[in-house]
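# Structure at a glance
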Amino acid sequence: LETDYAAVLSRAGRHYTRGTRPSGLLTALVLCDGDPAAVRATVASAAVIADRVRVVERAGLPLTELAAADRTEEIIAADWQADGGVEAALEGVADRHVLVCLSGERLEFDDWGRIRARLEALPPGPIEVSTPSGPEVRIHPPEPDGAAAVGSRSETRLDGLRVIR
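Here's what I pulled together on the structure shown here. (Residues numbered from 1 in each chain as written. Predicted model: local features only at pLDDT ≥ 70, side-chain atom pairs only at ≥ 80, totals over all residues. Heavy atoms only, no water.)

### Section: the packing of aromatic side chains
- If you walk through the whole model with that rule in mind, you get zero aromatic pairs.
- A cation over a ring is seen here: Arg-58 above Trp-80, with NZ or CZ 5.2 Å from the ring centre. (Phe/Tyr/Trp six-rings, centres within 6.5 Å; stacked < 30°, edge-to-face > 60°. Lys NZ or Arg CZ within 6 Å of the ring centre and 35° of its normal.)

### Here we look at helix H3 (residues 61-68)
- Of the positions making up H3, those classed as buried are Thr-64, Ala-67 and Ala-68. All buried residues of H3 project into a common sector of 75 degrees when viewed along the axis, lining one side. Summarising the geometry of H3, the exposed residues directed more than 90 degrees from the buried face are Pro-62 and Leu-66.
- Looking at the buried residues of H3, the elements they touch are strand E1 (26-32), helix H2 (36-47), strand E2 (52-57) and strand E3 (74-77). (Buried < 20%, exposed > 50% of the residue type's maximum accessible area, 1.4 Å probe, protein only. Helix = DSSP H or I, 4+ residues; strand = E, 2+ residues; numbered from the N terminus. Arc of directions from axis to C-beta. Contact = heavy atoms within 4.5 Å.)

### Things to note about the nonpolar core
- Grouped together as the largest cluster of nonpolar side chains are 26 residues, with contacts concentrated most on Leu-107, Leu-119, Ile-139, Leu-158 and Leu-161.
- Elements supplying a minimum of two residues to this core: E1, H2, E2, strand E4 (97-102), helix H5 (112-121), strand E6 (127-130) and strand E8 (157-164).
- Sequence-distant contacts of Leu-161, defined by excluding residues within four places in its chain, comprise Ile-49, Leu-107, Glu-108, Phe-109, Ile-115, Val-129, Ser-130 and Ile-139.
- In terms of nonpolar packing, the next biggest core, distinct from the first, is built from 12 residues, Leu-31, Trp-80, Val-98 and Ala-147 among them. (Core = buried A, V, L, I, M, F, W, Y, C linked by side-chain atoms within 4.5 Å.)

### Some details on the pattern of salt bridges
- On inspection of all chains with the given rule, the structure shows 11 salt bridges.
- Here Arg-116 ties to Asp-51 by a salt bridge, and the two come within 3.0 Å at their closest N and O atoms. Placement of Arg-116 in helix H5 and of Asp-51 in the loop between H2 and E2 is noted, with a sequence separation of 65 residues between them.
- Taking relative accessible area as the criterion, Arg-116 reaches 1% and is therefore assigned buried.
- Between Arg-52 and Asp-95 there is a salt bridge whose closest N-O contact spans 2.3 Å. Here Asp-95 lies in the loop between helix H4 (85-90) and E4 and Arg-52 lies in strand E2, a separation of 43 residues in the sequence.
- Residue classification places Arg-52 among the partly exposed residues on the basis of a relative accessible area of 32%.
- A relative accessible area of 3% means that Asp-95 is categorised as buried.
- Taken together, the salt bridges that share partners define one network made up of Asp-33, Arg-58 and Asp-79. (Salt bridge = Lys/Arg side-chain N within 4 Å of Asp/Glu carboxyl O.)

### Quick notes on the sheet that holds strand E7 (residues 136-140)
- Taken in spatial order, the eight strands line up as E3-E2-E1-E4-E7-E6-E8-E5 in an open sheet, and their pairing is mixed. Strand pairing shows two members of the sheet lacking a second neighbour, E3 and strand E5 (106-109), which therefore form its edges. Strand-to-strand, the axes of this sheet are offset by a mean angle of 40 degrees, without reference to chain direction.
- In the sheet, E6 pairs with E8 via two bridges, with the strands oriented parallel. Of the residues in E8, the one forming a bridge with Glu-128 is Arg-157. (Pairing = 2+ DSSP bridges. Axes fitted to C-alpha atoms, helices over the stretch in contact; angles between N-to-C directions.)

### Regarding the packing of H2 against H3
- At their nearest, the axes of H2 and H3 sit 9 Å apart, and the two run at 40 degrees to each other. Between H2 and H3, the angle falls in the class oblique. Once H2 is placed against H3, the crossing between them reads as right-handed. Along its contact with H2, which presents Pro-36, Val-39, Arg-40 and Val-43, the element H3 presents Leu-63, Thr-64, Ala-67 and Ala-68.
- For the contact of H2 with H3, the residue count by class is six nonpolar, one polar and one charged. (Parallel < 35°, antiparallel > 145°, perpendicular 65-115°, else oblique. Left-handed = near helix turned anticlockwise from the far one by under 90°. Nonpolar A, V, L, I, M, F, W, Y, C, P; charged D, E, K, R; others polar.)

Right, here's the structure in full:
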């Protein structure tokens, strides 16, 4: 993790001046239960920091598509709580990290460029962030074994990123 503030600002500036986020770092996975208003707010929040946003809808797919289609490239129908649901949700994700958000949650952060620079410096693995119920893993590698750590604790933490309701 970089401690040189000038280096962090420089990297954040490069990300900001490109006009687009560099690809390959982060996919936000939004888990939805059929609430189009909630999913739209979560997708808008996640799209600021993630390279891609994928919505995984258990119910109400047509309304979710209408609510979020302009803010995400991908909305899939899959029961993410059923057997095989995690595999379906993660299928084809090629980015280094996956950030899991529940529909209705939003992300707070001080500086998205700095958060991305910190995330670039971390190795793939379970990473905890601040949530309403305390620190827990919400970032993991794009594989089912990595997803199993969601909700648990980790030695690796990404400071500056908060999940709120």
